[in-house]
Amino acid sequence: MATFVDRVVLHLQAGDGGHGCVSIHREKFKPFGGPDGGNGGHGGSVSLVVDPQVTTLLDFHFHPHVKADNGKGGAGSNRDGANGRNLVLKVPNGTVVQTTDGTVLADMVGAGTTFEVARGGRGGRGNASLANARRKAPGFAELGEPGDQLDIVLELKSVADVGLVGFPSAGKSSLISVISAAKPKIADYPFTTLVPNLGVVRLDNHTFTVADVPGLIPGAATGKGLGLEFLRHIERCAVLVHVIDSATLEPGRDPVADIDAIEAELSQYGGLTDRPRLVAVNKVDVPDGRDLAEIVRPDLEERGYRVFEVSAATREGLKELTYAMAELVEAERKAAPPAEPTRIVIRPMAVDDAGFTITAEADGSFTVRGVRPERWVKQTNFDNDEAVGYLADRLARLGVEDKLAKAGAEPGDLVRIGEREFDWQPTLYAGVEFVPGNRGTDVRLEDKSTRASAAERLAARKARRVRPEDEIGADEVDADAGDDDIEDDAE
């Protein structure tokens, strides 16, 4: 089973916000006490933090799906929902956070460094928070905002002061095992080291870390062998040490050729030409190895390398090598700019920035993009006419109506905001004041049917029962004539 993982893909899901509550306070002798729906809780966020005790991404390799808690919904009696628990993931020092397309989001260097990678959704407001002087008893509440959902790539680049590079079986693991407390796997066959090993070297008043990078071979920068997987681990090293095998029996191998091959791979990988180099000619305890080291030493010194003849088996020359490492590390630390605390940068919105943009599409539709309009649409319950009317009022106040008209939108045109599509009808909202009605309804969204209402039909029936004045007058004349005939008969 693998014990070292330096690249994983995480599937993150921040918590969704809880829905707001629609509630009206009722009690004895107080049938309508006003709205008292509580707000929904915020969803939990997902953050990364550097922990010095973590050295691998192994846990994420076996558990790549991460989800934070959702916020709870609001309740009556002005009870707000509980917030979702934030999720904090511990990562090793030197972890680079990237998107799946390679865009770097954060470089996690330094213990305690924190980065919020997925933000939880906002909780929806209850009708108590939405009430105002005109809308005293809202019949709707906001929905919870969905949390961020994304895939990220975590890539570990070891943070070490000195990097040991060289061909397989050059003795890098043996060297780091004797100058530090690291216990890497050591064997007499190539590619024994399959993962980088870190060791801490303490020398007088100096303390620095050494990384044993797995063996490199020609073509490593293009993916041959293990080089492409582990070359990234020497990017942060301040000093590079060439560990050369002076007792190799392979044909065509000698210290100068090995250094040329490794330097070619480092140059092709890029970004490592400015690092100071040391050369450690290892295995001089072998007679042939010592003779070869003495032969190639002048050639290497002519190239500007400081050469040390060492033996990991007998520990010959290791003291001089470690002092040289400490000297270069100390010089690099002094030359580095002083670390500055993280500064909080506040970028206020421009005065003329409306916070949204409108794009006319080729098919004749219009797309509205902006943080606030898209969030408002997500938090709107489109099964509630009053909530839709409230959304329309907010968009009109923001200026969306005016900009749509200036962009050439006509009534009935398709308008997209987020994942929603609308048929634009500006006459419903522009310049129309909100008129309170039944809860959950909006008179501006009522269908204007040609069928008469119940009140209109009742008035028509009453009108049909009322006799016209001319008919009433004719009846009175006939009645008078009948009375005269009766009187004549009586006489």
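So, how was this worked out
Throughout, a residue's number is its position along its own chain's written sequence, starting from 1. pLDDT decides what is reported in this predicted model: residues at 70 or higher carry local features, side-chain atom pairs at 80 or more are listed and counted, and totals for whole chains, interfaces and linings draw on all residues regardless. Hydrogens and waters are ignored; side-chain quantities use all the structure's heavy atoms. Secondary structure elements are defined from DSSP: runs of H or I of at least 4 residues count as helices, runs of E of at least 2 residues count as strands, and each element is numbered from the N terminus. For every residue, the accessible area (1.4 Å probe, protein chains only) is compared with the maximum for its type, and the residue is labelled buried under 20%, exposed over 50%, or partly exposed between those bounds. Definition of a polar contact: a pair of N or O atoms within 3.5 Å, with one able to donate and the other able to accept a hydrogen when the atoms are protein atoms, and with sequence-neighbouring residues admitted only if both atoms are side-chain atoms. Angles shown run from 0 to 180 degrees and are taken between the N-to-C directions of axes, each axis being a line fitted to C-alpha atoms and, for helices, limited to the stretch in contact. In what follows, roughly perpendicular refers to angles from 65 to 115 degrees, roughly parallel to angles under 35, roughly antiparallel to angles over 145, and oblique to any angle outside these ranges. Contacts were defined at the residue level, with two residues in contact if any of their heavy atoms lie within 4.5 Å. Amino acids outside the nonpolar list (Ala, Val, Leu, Ile, Met, Phe, Trp, Tyr, Cys, Pro) and the charged list (Asp, Glu, Lys, Arg) are all regarded as polar, and Gly is one of them. Confidence of the predictor in every single residue is expressed as pLDDT, which spans 0 to 100. In this analysis, strands are considered paired if DSSP registers two or more bridges between them. Two rings from Phe, Tyr or Trp (for Trp, the six-membered ring) form a pair when their centres are within 6.5 Å of each other. A pair whose planes differ by under 30 degrees is stacked, one over 60 is edge-to-face, and the rest are tilted. We call a charge positioned over a ring when the NZ of a Lys or the CZ of an Arg lies within 6 Å of the ring centre and within 35 degrees of the ring normal.

Enquirer: Honestly, the side chain of serine 173 in this entry has me stumped. Any pointers?
Expert: As for its placement among the helices and strands, serine 173 is situated in helix H3 (residues 172-179). For serine 173, a relative accessible area of 9% corresponds to the buried category. Only 2.8 Å separates the side chain of serine 173 from the side chain of aspartate 212, close enough to count as a polar contact.

Enquirer: Can you help me understand the packing of helix H8 (residues 371-378) against helix H9 (residues 385-398) in this one?
Expert: When two helices pack together, their arrangement is given by the angle between their axes and by how far apart the axes lie. Taken N-terminus to C-terminus, the directions of H8 and H9 make an angle of 175°; their axes are 11 Å apart at the nearest point. Relative to H9, H8 is oriented roughly antiparallel. Where H8 approaches H9, its residues Arg372, Pro373, Trp376 and Val377 are matched on the opposing element by Leu391, Arg394, Leu395 and Leu398. Of the residues in the contact of H8 with H9, the class split is six nonpolar, no polar and two charged.

Enquirer: Explain the confidence of the model for the protein chain to me, please; I cannot follow it from the model alone.
Expert: Caution applies to low-pLDDT parts of the model: their predicted coordinates are not meant to be read in detail. Looking at the protein chain, the pLDDT average stands at 80 and 80% of residues meet or exceed 70. Mean pLDDT per element in the protein chain: helix H4 (residues 227-230) is the minimum at 52, and strand E3 (residues 65-67) is the maximum at 95. Scored below 50 in pLDDT, residues 186-193 makes 18 contacts in the model with residues more than four places away or belonging to other chains. Within the model, pLDDT remains below 50 along residues 219-228, and this stretch shows 21 contacts once partners closer than five positions in the same chain are excluded.

Enquirer: I'm lost on the sheet that holds strand E15 (residues 357-360) in this one. Help?
Expert: Each strand in a sheet pairs with another by means of backbone hydrogen bonds, the pair being arranged parallel or else antiparallel. If you walk across this open sheet you meet the four strands as E15-E16-E17-E18, and the pairing is mixed. At either margin of the open sheet sits one strand with a lone partner, and together these are E15 and strand E18 (420-423). Within this sheet the neighbouring strands show an average axis-to-axis angle of 25°, counted without direction. Of the strand pairs in this sheet, strand E16 (residues 366-369) and strand E17 (residues 414-417) are connected by three bridges, and their pairing is parallel. Counted as the bridge partner of phenylalanine 366 is valine 415 from E17.

Enquirer: Hey, could you run me through unusual backbone geometry in this one?
Expert: Only a minority of non-glycine residues have a phi that is not negative, and only a minority of peptide bonds are not trans. Positioned with a positive phi, serine 77 is a non-glycine residue whose angle comes to about 60°. Residue position: serine 77 is located in the loop between E3 and strand E4 (87-91).

Enquirer: Help me out: how do you make sense of the packing of aromatic side chains in this one?
Expert: Aromatic ring pairs are described here by two measures, namely the spacing of the ring centres and the angle between the planes. Overall, the coordinates contain two aromatic pairs when judged by the stated rule. Ring centres of phenylalanine 140 and tyrosine 390 lie 5.2 Å apart, and the angle between their planes is 45°; this geometry places the pair in the tilted category. One end of the pair, phenylalanine 140, is in the loop between helix H2 (127-130) and strand E8 (149-156); the other, tyrosine 390, is in helix H9, and 250 residues separate them in sequence. Overall, phenylalanine 140 belongs to the buried group, its relative accessible area being 3%. A relative accessible area of 12% places tyrosine 390 in the buried class. Ring geometry for phenylalanine 382 versus phenylalanine 422: centroids 5.8 Å apart, planes at 40°, classification tilted. Note that phenylalanine 382 is positioned in the loop between H8 and H9 and phenylalanine 422 in strand E18, a separation of 40 residues in sequence. Residue phenylalanine 422 is classed as partly exposed on the basis of its relative accessible area of 23%. Cation over ring: lysine 403 sits above phenylalanine 356, and NZ or CZ is 5.1 Å from the ring centre.

Enquirer: Help me understand the sheet that holds E4, please; the structure alone is not making it clear to me.
Expert: If you walk across this open sheet you meet the three strands as E4-E2-E7, and the pairing is mixed. The open sheet terminates on both sides in strands that have one partner only, identified here as E4 and strand E7 (114-118). The average undirected angle you get between the axes of adjacent strands in this sheet is 30°. Relative to E4, strand E2 (residues 46-50) runs parallel, the two being bridged by five bridges. When the bridges of E4 are listed, valine 46 appears paired with leucine 87.

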